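Single-letter residue listing:
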Amino acid sequence: VTTDSTTVVTLSITSGTGANGAVLNGTCSMTVVSGVANFSSQSCSINLVGTGYKLDATDGSLTKATSSAFAITPGAAAKVIFTTQPGASYVHGVAIAPIVKVEDAAGNVVTTDSTTVVTLSITSGTGANGAVLNGTCSMTVVSGVANFSGKGCSINLVGTGYTLDANTNTSLTKATSSAFAIS
């Protein structure tokens, strides 16, 4: 170890490791203090869940150092999102088949969640007055995913401008679908 306090060390994801498209966010460069770069108080983070990540530490002149492999796991569940929106229009009585996922604050699917219950409802003030959902429109996620395909969830009245809300049995932020019509 040197007593250098001027060298700047920069972290980067080792090429070919972790999830495709992953990037480092935050403060990922710092000046060493007495030859040591301690990133524990920095806001450097990886944006995608994945395994096999490695980090390179470089300063531009010394041989780079590469970390051991590690994994990034999802954070706590924070919200639900529609990953498959309802189609633009449906025939009266035909099942609507959206897919809703539980995500952490960074947008990663919380694959460890198999307890959250997602319930679809018609967004207040949309579609035809008095319309209701029929069929199975509530389900427990499996690995963070609620797939309503084949559940028979349908709307009983013809109308335009319908949107669905995806609510949960927990305090997760709800999602609202794109608009669609029932003919």
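Before reading on, note that the structure itself is shown above.
Before going into details, it helps to say that this report is about the structure given with it.

So, about the overall build of the protein. What the protein contains, in helices and strands, is zero helices and 20 strands. Since a compact globule built from 183 residues should have a radius of gyration of about 16 Å, the 23 Å found for the protein marks it as more spread out than a globular shape. Overall, the C-alpha framework of the protein stretches about 75 × 25 × 25 Å when taken along its three principal axes. Considering the protein as a whole, with its 183 residues, one finds that 33% of them fall into the buried category. Of the contacts formed within the protein by residues at least 6 apart in sequence, a portion of 60% connects residues at least 24 apart. Counting every atom, the protein has about 9500 Å² of accessible surface; 53% of that belongs to carbon and sulfur.

With that settled, the discussion passes to the state of the cysteines. Taken as a whole and assessed by the stated rule, the structure comprises two disulfides. Note on cysteine connectivity: C137 is disulfide-linked to C153, with sulfurs 2.1 Å apart. The S-S bond linking C137 to C153 shows a torsion near 110 degrees; that makes this disulfide right-handed. Here C153 lies in the loop between strand 15 (145-147) and strand 16 (154-155) and C137 lies in the loop between strand 13 (133-134) and strand 14 (138-140), a separation of 16 residues in the sequence. Residue class for C153 comes out buried when judged on its relative accessible area of 0%. Within the protein, bonded cysteines paired by disulfides and numbered along the sequence follow the pattern 1-2, 3-4.

Inspection of every chain in the model, using the stated rule, returns three salt bridges. For K64, the salt bridge goes to D56, with nearest N and O atoms at 3.5 Å. Look at D56 and you get buried, because its relative accessible area is 7%. Across the pair D165 and K174 runs a salt bridge, and its minimum N-O distance is 3.2 Å. The exposure class of D165 is buried, given its relative accessible area of 7%.

So, on to the pairing of strand 6 (residues 55-58). One ladder, built from four bridges, connects strand 1 (residues 8-13) with strand 6; its direction is antiparallel. Counted as the bridge partner of T10 is T58 from strand 6. Direction of pairing for strand 6 relative to strand 7 (residues 65-66): antiparallel, over a ladder of two bridges. Bridge pairing in strand 7 places D56 opposite T66. Here strand 6 folds back onto strand 7, and the loop between the two strands holds six residues, one of which, G60, carries a positive phi near 95 degrees.

Structurally, the position occupied by N20 is in the loop between strand 1 and strand 2 (24-25). Sequence separation between N20 and G50 is 30 residues; the distance between their C-alpha atoms is 8.9 Å.

Parameters at a glance
- Residues numbered from 1 in each chain as written.
- Predicted model: local features only at pLDDT ≥ 70, side-chain atom pairs only at ≥ 80, totals over all residues.
- Heavy atoms only, no water.
- Helix = DSSP H or I, 4+ residues; strand = E, 2+ residues; numbered from the N terminus.
- Rg over C-alpha atoms; globule rule 2.2 N^0.38 Å.
- Buried < 20%, exposed > 50% of the residue type's maximum accessible area, 1.4 Å probe, protein only.
- Contact = heavy atoms within 4.5 Å.
- Areas by Shrake-Rupley, 256 points an atom, 1.4 Å probe, with all protein chains shown as cover.
- Disulfide = S-S within 2.5 Å.
- Salt bridge = Lys/Arg side-chain N within 4 Å of Asp/Glu carboxyl O.
- Pairing = 2+ DSSP bridges.

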